[in-house]
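Remarks on the overall topology
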Amino acid sequence: MQVVRTPDELSKAVLNRKGPVFLVPTMGYLHKGHASLIRMAAKDRDENKPKGTVVMSLFVNPTQFNDPQDLDKYPRDEEHDKRIAQEAGCDVIFAPPLEVVYPSGLQTTRIHVPKVSERWEGEHRPGHFDGVATIVAKLFHMVLPDYAYFGEKDWQQCRVIAKMVDDLNFPVYLKFGETVREDDGLAMSSRNALLRPEVRLKAPALHRAISQAAKAFSEGRPARICESDAAQAMLDAGFTKVDYVAIVDGMTLDPIDSPVPGVRVLAAAHIGGVRLIDNVAV
Ligand code: PAF
């Protein structure tokens, strides 16, 4: 596995191989969720003739952090990331420094994806999805992938990127990987490393609460009541603030009142100074 820092080095590394490029964008501090996306990409590479190249990008993108403290405390460990990426089947890590990605600083052209980016995370993290859409578009231009892989843990992010790809005609085929969970249900996330041990024990209440909301909604309980029950269950379990629990159409992310195919329950809440998000299907 090679580690490259610039688009030039990357294109040399990719051109030495034939076949498609399979991109897994990450901000590092890899966990089993990332590893499963890299394995998905490696499987697609191995089934293709000629095989092609799995590229994992590793870049903590400042323009998607609306809170500078959140950016400062974001965990980083490139050696650990190299090990996990290699074991999962990555061929090339593209880990550019800030000045390569944003050569003229952070006051840069930004992409705004209307509607799907504006609710939920969009309301609570102003500018977050503009930063995500912008960096993903830049990575698509720098890496020129044929396929790109994203985790469903960030359900709204998946919808934002899918709309951007449609709206701007990016010739990239998107693939989404299911959320990987710890044994107690907590969704794998780089931020879990920031949970103190006593807080970590309480954190699975988020997944329990939204799973219960999904079940109650499918059994006919009104959506808004399922949402407030779930928020209360999280607060009772030790979460300090619930940003939202939302029962939505999984594609448009609009709130819904009656069960239809493709419903998701989305939530974001704070515990021990860490903000966690999760979602489940109904
Ligand atoms: O999901 C992430 O880790 C990031 O939002 C992404 C897609 C790598 C863009 O920085």
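As shown above, the structure is provided for reference.
The shown structure was predicted, so the numbers you read here are calculated from the model rather than taken from an experiment. (Residues numbered from 1 in each chain as written. Predicted model: local features only at pLDDT ≥ 70, side-chain atom pairs only at ≥ 80, totals over all residues. Heavy atoms only, no water.)

So, on to the packing of aromatic side chains. Inspection of the entire model under this criterion finds 6 aromatic pairs. Both rings, one in Trp120 and one in Tyr244, keep their centres 5.7 Å apart while their planes meet at 45°; by these two values the pair is tilted. Remark: Tyr244 occurs in strand β7 (residues 241-249) and Trp120 occurs in the loop between α5 (98-101) and α6 (121-124); sequence separation between them is 124 residues. We classify Trp120 as buried; its relative accessible area is 13%. Note on Tyr244: relative accessible area 7%, which makes it buried. Members of the aromatic cluster, each reached through a chain of ring pairs, are Phe22, Tyr147 and Tyr173. Here the guanidinium or amino end of Arg159 rests over the ring plane of Trp155, the centre of that ring lying 5.9 Å away. The positively charged end of Arg264 is found above the aromatic ring belonging to Trp155, 3.9 Å away from the centroid. (Phe/Tyr/Trp six-rings, centres within 6.5 Å; stacked < 30°, edge-to-face > 60°. Helix = DSSP H or I, 4+ residues; strand = E, 2+ residues; numbered from the N terminus. Buried < 20%, exposed > 50% of the residue type's maximum accessible area, 1.4 Å probe, protein only. Lys NZ or Arg CZ within 6 Å of the ring centre and 35° of its normal.)

Turning to the side chain of Ser190, a few remarks are in order. Relative to the assigned elements, Ser190 resides in the loop between β6 (173-177) and α9 (197-202). Overall, the relative accessible area of 5% leaves Ser190 in the buried class. At 3.4 Å, the side chain of Ser190 and the backbone oxygen of Gly28 are in polar contact. Among the polar contacts listed, one links the side chain of Ser190 to the backbone oxygen of Tyr29, at a separation of 3.2 Å. Those residues within four positions of Ser190 in sequence are excluded, and the remaining contacts are Gly28, Tyr29, His31, His34, Tyr74 and Pro75. (Polar contact = N/O pair within 3.5 Å; in protein donor to acceptor, adjacent residues only side chain to side chain. Contact = heavy atoms within 4.5 Å.)

A separate point is empty space enclosed by the protein. Taken as a whole and assessed by the stated rule, the structure comprises 1 cavity of 30 Å³ or more. In this structure, the largest cavity encloses a volume near 60 Å³. Residue lining of the largest cavity: 13 residues in total, with Leu186, Ala187, Leu206, Ile277 and Asp278 positioned closest to the centre. At 3 residues, the largest contribution of residues to the lining of the largest cavity is made by strand β9 (residues 274-281). Looking at side-chain class alone, the lining of the largest cavity contains 7 nonpolar, 4 polar and 2 charged residues. (1 Å grid on protein atoms, 1.4 Å probe; cavity = no way out; pocket = protein on both sides within 12 Å on 5 of 7 lines; lining within 4 Å. Points joined across faces, edges and corners; volume = space filled by probe spheres on them. Nonpolar A, V, L, I, M, F, W, Y, C, P; charged D, E, K, R; others polar.)

All we've got here are geometric facts, nothing functional implied.
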